[in-house]
Amino acid sequence: MMTSDNPFAGFNAALRQALAISTDYIAGLPDRPVGTPVSPEALARALEEPLPEEGCGPSAALTDWFSRAEPGIFASPGPRFFGFVNGGSTPAALAGDWLASALDQNAGMWVSSPAASHTEQVVLSWLKNLFSLPADWAGGMTSGATMANLVGLAAGRQWVGQRLGFDPADDGLGGRPPINVLSSTEIHASARKALSILGLGRSSVRTVPAPGGIVDMDALAAALAAIDAPVMVVANAGEVNTGAFDPLDRIATLCRSHKPGAWLHVDGAFGLFAAVSPQSSHLVRGIEGADSVASDAHKWLNVPYDSGMVFVRDGDILRQAMAATAAYIAPQDGRWDPHSHVPEFSRRFRALAAWCALKSSGRAGYRAIVETCLDNAKTFAHWVEQERSLELLGSSRFNIVCFRRNGDASDALNLRAVAAMQAEGRAFTTATQWRGKTALRAAFDNWATGPEDVAILIQAVKDNLLAD
Ligand SMILES: *Cc1c(COP(=O)(O)O)cnc(C)c1O
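Residues numbered from 1 in each chain as written. Predicted model: local features only at pLDDT ≥ 70, side-chain atom pairs only at ≥ 80, totals over all residues. Heavy atoms only, no water.

A.B. asks: Any chance you could break down the pattern of salt bridges for me, citing the residues and the numbers?
C.D. replies: Where charged atoms of side chains with opposite charge meet at close range, the side chains can pair. Under the defined criterion, the tally for this structure stands at 17 salt bridges. Close ionic contact of Arg435 with Glu186 constitutes a salt bridge, the shortest N to O distance being 2.9 Å. Taken together, the residues span a long stretch of sequence, with Arg435 in the loop between β10 (430–434) and β11 (437–443) and Glu186 in the loop between β2 (180–184) and α8 (189–197) at a distance of 249 residues. A residue is classified by how much of its surface remains accessible, and Glu186, at 13% relative accessible area, is buried. (Salt bridge = Lys/Arg side-chain N within 4 Å of Asp/Glu carboxyl O. Helix = DSSP H or I, 4+ residues; strand = E, 2+ residues; numbered from the N terminus. Buried < 20%, exposed > 50% of the residue type's maximum accessible area, 1.4 Å probe, protein only.)

Put into structure tokens, the structure is as follows:
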């Protein structure tokens, strides 16, 4: 039993306070405004104070922060946040995440937590199975798809560099032949960011057109044929504006036919989840022909931020790209050190939230989540199609609906409607540019969104975009 002189006795009250605040907040998600307009000045007034000289204790600290920050908390885990591609948290995922914090394991090495290390291996094998990826691929859990893209592209850089006669991880890139990167114009900003961190540069990508969001295969084949060197090809499985998929099977075949060699990296941040349902699995047909695949867990797996995953065909190349060796962390036989597959050394036990989520819902549960989201997107897209003054953009019909009100001066009109909807808080959408025009996006990947929420979204669009 804990006694009052036990330094850990204070946890009880602190965690109960966190539980009380959390359960209140979560129970209120369906009714709370999705976002509330708050100015930087107002939030500064609410939050800023000098570093306290004396502490107030854990329970008072929690209550104080929550009451002051609340105007700036968005109900993005709730059922009517359709902005970006966010997702929420299932009960099992959130509880697993809490437990990971309480256990406070260092999930970087086997010696620092055999349980965390092996749980991550199990989660990765479950995910490969869920996504129909080969069981013998290597992988790792990351903080999100940006880092998953970074890891996949680091492995690709390593492979291409070796074919060019050097070791990028050991020697760096200075004075070496360039590493070519090919993608479509729709390559995600995070992949460019990863390329910049990897020393290749954001503008190293040669892009080919993607009408309707899908890469033009003739243009890709011509661009590839023009490069008499090994290359990295970045394909989109789920383009972020419209949800379009590049034809992965054809790209994989094309890459295999490139004599000097081609590393195929697939950005499947949310699109990899197409594999979970027979309704959509054709969209990722051929993905097993890729060399690396990046995805997110904090989007469609609905685990809390931050969580992503990367899968790489050749584990040796991955470890060469990510290796860190020192006498004090020498690996032991037969024991897996997750840090050898990802950028960080010490790291959070992310796999536990995903383990609990997958164990709790199973394959069937995730299939149901994906199919409900696709149904919701379809319902909304149908409504858009039937409204004469609205236009559905892009060629994809997946979990993102990109649309705009057409006609003169409609860029300003569309932007105003997004701002009004965000301020009003019924249903949150975000704006984008599609082929030079301002458009709205609604992304469907939250486990809790139901048909009633789609109806509210439709009403909010009617009131804010179609009212005049
Ligand atoms: C969200 C997203 C990313 C970036 O993922 P983060 O988890 O935000 O780092 C990359 N690619 C695509 C297609 C995305 O939708």
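A.B. asks: Talk me through the sheet that holds strand β9 (residues 400–405); I want residue IDs and the actual numbers.
C.D. replies: Pairing is antiparallel in the open sheet, where four strands are placed in the order β8-β9-β11-β10. With one partner strand each, in any of the chains shown, β8 (390–392) and β10 form the two edges of the open sheet. Shown here is a sheet whose adjacent strand axes are inclined to one another by a mean of 40°, direction ignored. Where β10 lies against β11, five bridges are found, and the strand directions are antiparallel. Opposite Trp434, over in β11, you have Lys437 as the bridge partner. Its contacts with the sheet place helix α13 (residues 410–424) against β9, β10 and β11, and it is angled at close to 35° to β11. (Pairing = 2+ DSSP bridges. Axes fitted to C-alpha atoms, helices over the stretch in contact; angles between N-to-C directions. Contact = heavy atoms within 4.5 Å.)

A.B. asks: Provide a residue-level description of the state of the cysteines, including the pertinent values.
C.D. replies: Counted according to the given criterion, the structure contains zero disulfides. Summary of cysteine pairing: Cys373 is not part of a disulfide, and the nearest cysteine sulfur, belonging to Cys402, is at 18 Å. (Disulfide = S-S within 2.5 Å.)

A.B. asks: I'd like a description of the side chain of Asn86, backed by residues and values.
C.D. replies: Inspection of the secondary structure puts Asn86 in the loop between α3 (58–69) and α4 (91–103). Side chain to side chain, Asn86 and Tyr305 meet in a polar contact 3.4 Å long. Ignoring any residue separated from it by four or fewer positions in sequence, one finds Asn86 in contact with Ser76, Phe81, His298, Lys299, Tyr305 and Asp445. (Polar contact = N/O pair within 3.5 Å; in protein donor to acceptor, adjacent residues only side chain to side chain.)

A.B. asks: Could you give an account of the site of the ligand, with specific residues and numbers?
C.D. replies: For the ligand, the set of nearby residues contains 14 residues, the closest of which are Thr146, Asp267, Asp296, His298 and Lys299. Separating a nitrogen atom of the ligand from a side-chain N or O atom of His188 is a distance of 3.4 Å. For the ligand, a nitrogen atom lies 2.7 Å from a polar atom in the side chain of Asp267. Computed on the free molecule, the ligand has an accessible area of 380 Å², of which 84% lies beneath the protein chains in the complex. (Near = heavy atom within 4 Å. Areas by Shrake-Rupley, 256 points an atom, 1.4 Å probe, with all protein chains shown as cover.)

A.B. asks: So what about empty space enclosed by the protein? Which residues, and what values?
C.D. replies: The rolling of a water-molecule-sized probe over the atoms marks out the regions of remaining empty space. One pass over the full model with this rule turns up two cavities of 30 Å³ or more. Forming the walls of the largest cavity are Phe81, Phe82, Cys373, Asn376, Ala443, Phe444, Asp445, Asn446 and Thr449. Considered class by class, the residues forming the lining of the largest cavity number five nonpolar, three polar and one charged. Here the second largest cavity defines a volume of roughly 30 Å³. Lining the second largest cavity, in full, are Ser183, Ser184, Val215, Leu220, Val233, Val234, Ala235, Asp246 and Ile251. Those elements that provide at least two residues to the lining of the second largest cavity are β2 and β4 (231–236). When residues of the lining of the second largest cavity are assigned to their parent elements, the largest contribution, three residues, is made by β4. For the lining of the second largest cavity, the class distribution of residues is six nonpolar, two polar and one charged. (1 Å grid on protein atoms, 1.4 Å probe; cavity = no way out; pocket = protein on both sides within 12 Å on 5 of 7 lines; lining within 4 Å. Points joined across faces, edges and corners; volume = space filled by probe spheres on them. Nonpolar A, V, L, I, M, F, W, Y, C, P; charged D, E, K, R; others polar.)

A.B. asks: A description of unusual backbone geometry should follow, citing residues and the corresponding values.
C.D. replies: Cis geometry is adopted by the peptide bond preceding Asp306, which originates at Tyr305 and carries an omega value of -10°. Mapped onto the elements, Asp306 comes out in the loop between β6 (292–296) and β7 (308–312). Despite not being glycine, Ser132 shows a phi value in the positive range, around 55°. Following the sequence through the fold, Ser132 ends up in the loop between α5 (114–130) and β1 (138–142). Despite not being glycine, Arg435 shows a phi value in the positive range, around 50°.

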